Amino acid sequence: MIDSFIEGKGLAVTHQAPPASLSLPVRGMTCAACSTRLERVLGKIDGVEQALVSLAAERADIRFDPALATPERLVDAIVKAGFQADLSQSGDEDLDRAEADYAAESRRQLIALGISAALTLPLVGQMGLDLAGIHWMIPAWIQLLLAVPVQFWIGGRFYAGAWTSLKGGIGNMDVLVVLGTSAAFGLSAWHVVAGDAHHGNLYFEGAAVVITLVLLGKTLESRAKRSAAGAIRALMRLRPDIARVERDGAIIEVPAALVAVGEVVVVRPGEIVAVDGRVLDGQSQMDESLITGESLPVTKEPGDSVVAGAVNGDGLLRVEATRVGKESTISRIIRMVQGAQASKAPVQQLVDRVSAVFVPVVAAIALACFLGWWLMGGDLQTAFVAAVSVLVIACPCALGLATPTGIMVGTGVAARHGILIKDAEALERAHQVTVVVFDKTGTLTEGRPAVANVTALDGDGAGLLSLAASAQQGSEHPLARAVLAAVPVGERVAVSAFQSLPGRGFSAMVAGRALLIGSRRLMNERGIDLSALSSDADEAIGRTVMWVADSGKLLGFIAVADPVKPSAVKAVTALTALGVETVMLTGDNARAARAVADSVGITRVVAEVLPEDKAAEVEKLKRGGVVAMVGDGVNDAPALAAADIGVAMGTGSDVAMQAAGITLVRGDPSLLAEALSLSRATTAKIRQNLFWAFGYNVIAIPAAALGLLTPVIAGAAMAMSSVSVVSNSLLLRRWRMR
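Keep in mind the model is a prediction, meaning the values are calculated, not measured. (Residues numbered from 1 in each chain as written. Predicted model: local features only at pLDDT ≥ 70, side-chain atom pairs only at ≥ 80, totals over all residues. Heavy atoms only, no water.)

The pairing of strands in a sheet comes from backbone hydrogen bonds and takes either a parallel or an antiparallel form. Strand order in this open sheet of seven strands is S13-S25-S24-S23-S14-S21-S22, and the pairing throughout is mixed. Sheet topology places strand S13 (419–421) and strand S22 (604–606) at the edges, where each strand pairs with a single neighbour. The average undirected angle you get between the axes of adjacent strands in this sheet is 20°. In this sheet, S22 lies alongside strand S21 (residues 581–585) in parallel orientation, the contact comprising three bridges. Paired with Met584 across the strands is Val605, a residue of S22. (Pairing = 2+ DSSP bridges. Helix = DSSP H or I, 4+ residues; strand = E, 2+ residues; numbered from the N terminus. Axes fitted to C-alpha atoms, helices over the stretch in contact; angles between N-to-C directions.)

Encoded structure:
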């Protein structure tokens, strides 16, 4: 109807579909140049808004306009670029199939490596004898027979990779390996065919050893990268395939993805919870350690919430589903961790630019090295060996793995401790934080009122609390819920003649007593003298005081407060120890804010700030340093987005979590100091990796050009460079919370 009205006015109506996302495992990438080239290929397709390709995770994450591009077209582009991708493997990974594929690929790699090593060993053996002073040479034609399968069968993967890379207009690691080993093999084969082969002009062992060592390096690298991705697989294994649901008076097993919101799921002892929900019946303990980082089991009773992925203890529970399938907590955590691991840190942009020109620059250096030795020294053999060594030792792989492996391990460790990092930029930025701004309610405090103090004129505080709870039965007011929570149902009596007095309190009849409960203003209006307890009530700074009177006579008061989280003091202390300033930013009145701030150790307070003004206050603080804003409510979202780093409480609103770069799953503010500490450790690892990767090439390439290295030593160094970078990242798994 609306469209027709608009069209009737002569205007065109367009409906733009929201962007779609596709996440695909990609096989066949060997170095950073491959991931850079694939990003360029995907980025040129009409409708593709963003393409992020991770060498370490071996995944492509693509955001595109479904009206202009299709998943099939994207996969076809990946395949034409020379890589392997399967649309059936998009989205959530089938772990059983992935494990089977990895096991099969590992067996193929080990078999190829074993054959290559067996054929190479005799060639290396004669070289070893030569170094020991025993000059013995395997007949040239036998050396040729040993080297051919290594070069063209075992090493065929390098030729295929080099060809597809060059077709795409960019060189990768395979190009360097192929150029170096083919030169060594080709010259040696020529001498054999020409009949002038002797010990000084055969380089079969050099070519074979390089291929074998590169295969060894790739095998170790593959295992190390898989270990780095272990955290995400552990999370995926927390999602059960089957749920037991009550339907039509019976309990039936259905796929977990088909459970509907509102259905009742039965969770047996020892089972993994399939949905987020609320406990209806039963009592148990649950292990939520892999989701929230909480190491101790958590007691669950009727009314308590449970999360998908938690492991049930020894009790039987009936749970009403509130979030299912892709909206469950565990699925959202997995998506966030995968997104972080696929994202690129700002420093990676430099690495991508270097990788794009790395191979042609190295090829030019090798050619210059060959011509320099030959023309200036006249030694063709030395020139050849030096040029081959340059080609073999140069390694863009270490550069490509330096940043993403650090991010993979860092975000995985964080998730295991209940810290979710949205992307690599947030991880890298967090280590620079100098100011942390806390919201008060729900962040430093529990976010729900509780009875803090009861003062009765006759000294019977329990009796006064029981009267007040009886009077407020059925009320949904937050203060009423706080009082009701403090008194068991069995200790309450019937209430009648309840009358609400908006903005002031209420009146009610309880056990024949005419109770009046409310604010100081209400008591003053009714002429009730509060002087006997007025000074005591004034001491309840930061608390809401509910006065209680009976038939015009004061009985006492109940002070209700939002309790400070036990971990709040620990959080502020830990941040101070890290050299980070803490600030409280809240809309509450100054007295209440100051009371909470003093109790946790925060000295700087900005109070009575409207929600719409919080972002402006954060902008002011950003002038003095890098600011992290911590909040949990919808009203905190603008401030979280305005901060350099937004930190949301996992117990808060979804809007806050969407706006934040970091989420503390169990709502514990002390985790923030751990998040900053882990960010510093991860950033340090990335810097170490980049220093090693750049330093390796800066030192190794000139050394090879100067003739200080043989192709065999160069091949070993190149193979180990990538392994060392990934292994250094894996050391992050030793990080422990303080």
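The next subject is the UniProt feature "transmembrane region" (unreviewed entry) in the protein chain. As annotated by UniProt and renumbered to match this structure, "transmembrane region" (unreviewed entry) occupies residues 110–128, 134–154, 175–194, 200–217, 354–376, 382–402, 689–706 and 712–732. What you have in residues 689–706 is 94% helix and 0% strand, and the ends, taken at the C-alpha atoms, are 26 Å apart. (UniProt positions renumbered as here; feature names shortened; annotations may be inferred.)

Below, the discussion takes up the pairing of strand S2 (residues 48–54). With six bridges connecting them, S2 and strand S3 (residues 59–64) associate as antiparallel partners. Directly across from Val53, in S3, lies its bridge partner Ala60. Between S2 and S3, which pair antiparallel and follow one another directly, the connecting turn spans four residues, one of which, Glu58, has a positive phi of 55°.

Tallied over the full model, the rule gives 20 salt bridges. We note a salt bridge from Glu525 to Arg521, for which the minimum N-O separation is 3.2 Å. One end of the pair, Glu525, and the other, Arg521, are both in helix H18 (residues 520–525), four residues apart, so they sit about a helical turn from each other. Judged by relative accessible area, which is 53%, Arg521 ranks as exposed. For Arg604, the salt bridge identified is with Glu581, shortest N-O distance 3.2 Å. Here Glu581 lies in strand S21 and Arg604 lies in strand S22, a separation of 23 residues in the sequence. For Glu581, a relative accessible area of 35% corresponds to the partly exposed category. Through salt bridges with shared partners, one network takes in Arg244, Glu253 and Glu271. (Salt bridge = Lys/Arg side-chain N within 4 Å of Asp/Glu carboxyl O. Buried < 20%, exposed > 50% of the residue type's maximum accessible area, 1.4 Å probe, protein only.)

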